[in-house]
Amino acid sequence: MIVAANWKMNPALDQASILATALASQSFPQIKRILFVPHPYLVPMSVRLTGAALEIGGQDCHFADHGAFTGDVSAAMLRDCGASLVLLGHSERRAAHGETSDIVAQKIKAAMAQNLDVMLCVGETKAERDDKKAEQVVIDQLQASIPEHAPPTGLMIAYEPVWAIGTGAVASPDDIAAMHHVIASVLAERYGANHVPPILYGGSVNADNAASLFSIPLVGGALVGGASLDADAFAAICTAAQDAA
Ligand code: PEP
């Protein structure tokens, strides 16, 4: 079980420090906890969380090693600032920054070349689900985003229906189970049934719904946005994950 926090562009640094200190004092030995923090926080959070059982990651990286890419950061820069992994292909980046699966694939390549683990986000929009295209959209995103020779080691998938992110709407257990089955099948075809990377669910996960989400077959954890900014709520989600582990 993996519980990952996506802080997005939150919170202020003093609040982030308080949050990180609270998370460091909590213990969940049976699960993996990850914090995807804003890039300027990688160093201060790495320092604050030294020795704590939490992995720290960036929320994006460029596919190039270096160059004239104002405002971007490379995978090596993330690693040098304390990240052990990176979140890639989040729907907010696909939508607001025009990231195609092809670009995401290049970013995954760059991240893996720097020994960063990768959490790849996939998920359909509401219109795509209403059009009954959700599964094909997710299959296409997986096929195009995972580079041909990318190993399964260090790769994690987060299934995040776009319409469930930050809305309070959660996909139904049946739809989540069906989509996780589809994702696992695609990955099993590529890597073999025994090497399917963990598949997390994301989209309005909170302290109240986490336990039932973790009881759904093939759900290997959660990617949590809003609720991850509250230490108690995040702890409750981690407790539910630990109970399901
Ligand atoms: C996310 O940002 O990946 C996410 C799932 O957000 P939220 O939990 O707020 O829906």
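Details of the structure are given in the entry above.
Keep in mind the model is a prediction, meaning the values are calculated, not measured. (Residues numbered from 1 in each chain as written. Predicted model: local features only at pLDDT ≥ 70, side-chain atom pairs only at ≥ 80, totals over all residues. Heavy atoms only, no water.)

Caption draft 1: Geometry of the overall build of the protein. Summing up its helical and strand segments, the protein has ten helices and eight strands in all. Scaling as 2.2 N^0.38, a compact globule of 245 residues should have a C-alpha radius of gyration of about 18 Å, and the protein matches this with 17 Å. With the C-alpha coordinates aligned to their principal axes, the bounding extent of the protein is approximately 45 × 45 × 35 Å. Put simply, the protein has 245 residues, and 50% of those count as buried. Taking the intrachain contacts of the protein between residues at least 6 apart in sequence as the baseline, contacts between residues at least 24 apart amount to 72%. Here the protein contributes 14 positively and 25 negatively charged side chains, and the mean placements of these two sets differ by 2 Å. (Helix = DSSP H or I, 4+ residues; strand = E, 2+ residues; numbered from the N terminus. Rg over C-alpha atoms; globule rule 2.2 N^0.38 Å. Buried < 20%, exposed > 50% of the residue type's maximum accessible area, 1.4 Å probe, protein only. Contact = heavy atoms within 4.5 Å. Lys, Arg positive; Asp, Glu negative; His and termini not counted. Charge placed at Lys NZ, Arg CZ, Asp CG, Glu CD.)

Caption draft 2: Region of interest: the nonpolar core. Counting 68 residues, the largest nonpolar core has W7 and I183 as its most contacted members. Counting residues per element, this core draws most heavily on helix 10 (residues 231–244), at eight residues. Discounting chain neighbours no more than four positions away, the residues touching W7 are A16, L19, L23, L35, F36, V37, P38, Y41, M45, Q59, S228 and L229. I34, M119, L200 and L223 belong to the second-largest nonpolar core, a separate cluster that totals twelve residues. (Core = buried A, V, L, I, M, F, W, Y, C linked by side-chain atoms within 4.5 Å.)

Caption draft 3: Quick look at the site of the ligand. Near the ligand lie 14 residues; those nearest to it are K8, E160, G166, S204 and G225. The separation between an oxygen atom of the ligand and a polar side-chain atom of K8 is 2.6 Å. In the environment of the ligand, an oxygen atom lies 2.8 Å from a nitrogen or oxygen atom belonging to the backbone of S204. In isolation the ligand offers 290 Å² of accessible surface; the protein chains occlude 95% of this area. Among the residues making up the shell around the ligand, the classes are represented as four nonpolar, eight polar and two charged. (Near = heavy atom within 4 Å. Polar contact = N/O pair within 3.5 Å; in protein donor to acceptor, adjacent residues only side chain to side chain. Areas by Shrake-Rupley, 256 points an atom, 1.4 Å probe, with all protein chains shown as cover. Nonpolar A, V, L, I, M, F, W, Y, C, P; charged D, E, K, R; others polar.)

Caption draft 4: Structural context of the environment of Y41. Here Y41 is to be found in the loop between strand 2 (32–36) and helix 2 (42–48). We classify Y41 as buried; its relative accessible area is 12%. Between the C-alpha atom of Y41 and that of A113, which follows or precedes it by 72 residues, the distance is 23 Å. Setting aside its immediate chain neighbours within four residues, Y41 contacts W7, N10, P11, A12, L13, A16 and S46.

Caption draft 5: Spatial organisation of the sheet that holds strand 5 (residues 117–122). Strands sit in the order 1-2-3-4-5-6-7-8 around a closed barrel of eight strands; the barrel is parallel. Strand-to-strand twist of the sheet, defined as the mean angle between neighbouring strand axes without regard to direction, takes the value 25 degrees. Summarising the sheet, strand 1 (residues 2–6) and strand 8 (residues 221–224) pair through four bridges and their orientation is parallel. Bridge pairing in strand 8 places V3 opposite A222. Along the sheet face, helix 10 touches strand 1, strand 2 and strand 8 and points at about 160 degrees away from the line of strand 1. (Pairing = 2+ DSSP bridges. Axes fitted to C-alpha atoms, helices over the stretch in contact; angles between N-to-C directions.)

Caption draft 6: Molecular detail of helix 8 (residues 173–191). Compared with the 27 Å implied by 1.5 Å per residue over 19 residues, the 26 Å span of helix 8 between its first and last C-alpha is a close match. Of all the residues in helix 8, the buried ones are I176, M179, H180, V182, I183, A184, V186, L187 and Y191. Looking at the buried side of helix 8, the elements it contacts are strand 5, helix 6 (126–130), helix 7 (134–145), strand 6 (155–159), strand 7 (199–202) and helix 9 (210–214). Note on helix 8: the residue one or two positions beyond its end, G192, has a positive phi of about 95 degrees. (Expected span 1.5 Å × (residues − 1).)

Caption draft 7: Region of interest: the pattern of salt bridges. If you walk through the whole model with that rule in mind, you get eleven salt bridges. D130 is paired through a salt bridge with K126; the nearest N and O atoms lie 2.9 Å apart. Pair noted here: D130 and K126 are both in helix 6, with a separation of four residues, about one helical turn. The class for K126 is partly exposed, based on a relative accessible area of 45%. The salt bridge involving D175 is made with R129; its shortest N-O contact spans 3.5 Å. Of this pair, D175 sits in helix 8 while R129 is found in helix 6, placing the two residues 46 residues apart along the sequence. Linked through salt bridges whose partners overlap, the residues forming this network are D60, R93, E99 and K107. (Salt bridge = Lys/Arg side-chain N within 4 Å of Asp/Glu carboxyl O.)

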